[in-house]
Amino acid sequence: MSKSVNRAQKESEESLSNWSFTKLTSKGVEFEQEILEAENSLINDEVAQLREKARKREADIEITRKEKEEPTEIEVELKRRLQQMTDHLIVIQKQAKVESLSAEKASLIFRIEAVSRLQDENMSASGATNMKPSSSSCDLESGLR
């Protein structure tokens with residue numbers, strides 16, 4: 001009987017030990033599973049954050065690309081103003097050239113009139129005869145006085 005009691009006690013201890021080990025193992029597996037789930041959740045959160053950062057960076061890149069390709073309102077206004085100023089400068093240069101040419105024309109007209117008067121005076125003084133042209137007429141015709 002003592003053998004059978006010992007044996008029953010041993011079986012009971014083994015069963016209890018197996019049950020404890022199984023319970024401990026089961027708790028260890030559950031705990032490890034909880035840890036893995038927590039790590040997985042953290043990793044998923046990090047992946048979501050990185051995806052959001054990547055999306056923001058892509059949006060920033062697109063904005064920068066558009067800014068580079070399309071002129072801003074200020075750039076458009078500056079180009080328009082530059083064109084206006086360039087056109088105005090061209091008009092001023094043309095006006096200055098016209099004034100210069102007008103002054104030169106007036107000077108030439110004055111000289112022509114002076115030469116014509118001298119010629120008329122010479123003709124009337126000579127009595128319209130075929131005389132040799134005087135040296136002062138030659139000088140006037142060549143533009144010298």
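Since the structure is predicted, the reported quantities are computational estimates derived from the model, not experimental observations.

A few words on the overall build of the protein. Helices and strands together make up the secondary structure of the protein, namely three helices and zero strands. Across the protein, helices and strands are ordered from the amino to the carboxyl terminus as α-α-α. In the protein, which comprises 145 residues, the proportion classed as buried is 2%.

A few words on the UniProt feature "coiled-coil region" (unreviewed entry) in the protein. What UniProt calls "coiled-coil region" (unreviewed entry) maps, in this numbering, to residues 33-67. Counting secondary structure, residues 33-67 comes out at 100% helix and 0% strand; the distance between its end C-alpha atoms is 50 Å.

The tally for this structure, following the rule as stated, stands at three salt bridges. Between Arg55 and Glu52 there is a salt bridge, with its nearest N and O atoms 2.5 Å apart. Of this pair, Arg55 and Glu52 both sit in helix α1 (residues 2-69), three residues apart, which is roughly one turn of the helix. For Glu62, the salt bridge is made with Arg65, and the minimal N-O distance between the two is 2.8 Å.

Right, let's get into helix α2 (residues 73-126). Along its 54 residues, α2 runs 79 Å from first to last C-alpha, staying within 8% of the 80 Å computed at 1.5 Å per residue. With its phi angle positive at about 75°, Gly127 sits one or two positions after the end of α2.

What follows deals with the confidence of the model for the protein. Averaged over every residue, the pLDDT of the protein is 83; the share at 70 or more is 72%. Per-residue pLDDT, averaged within each element of the protein, yields its smallest value for helix α3 (residues 135-141) (52) and its largest for α2 (95).

Conventions adopted
- Residues numbered from 1 in each chain as written.
- Predicted model: local features only at pLDDT ≥ 70, side-chain atom pairs only at ≥ 80, totals over all residues.
- Heavy atoms only, no water.
- Helix = DSSP H or I, 4+ residues; strand = E, 2+ residues; numbered from the N terminus.
- Buried < 20%, exposed > 50% of the residue type's maximum accessible area, 1.4 Å probe, protein only.
- UniProt positions renumbered as here; feature names shortened; annotations may be inferred.
- Salt bridge = Lys/Arg side-chain N within 4 Å of Asp/Glu carboxyl O.
- Expected span 1.5 Å × (residues − 1).
- pLDDT = per-residue confidence, 0-100.

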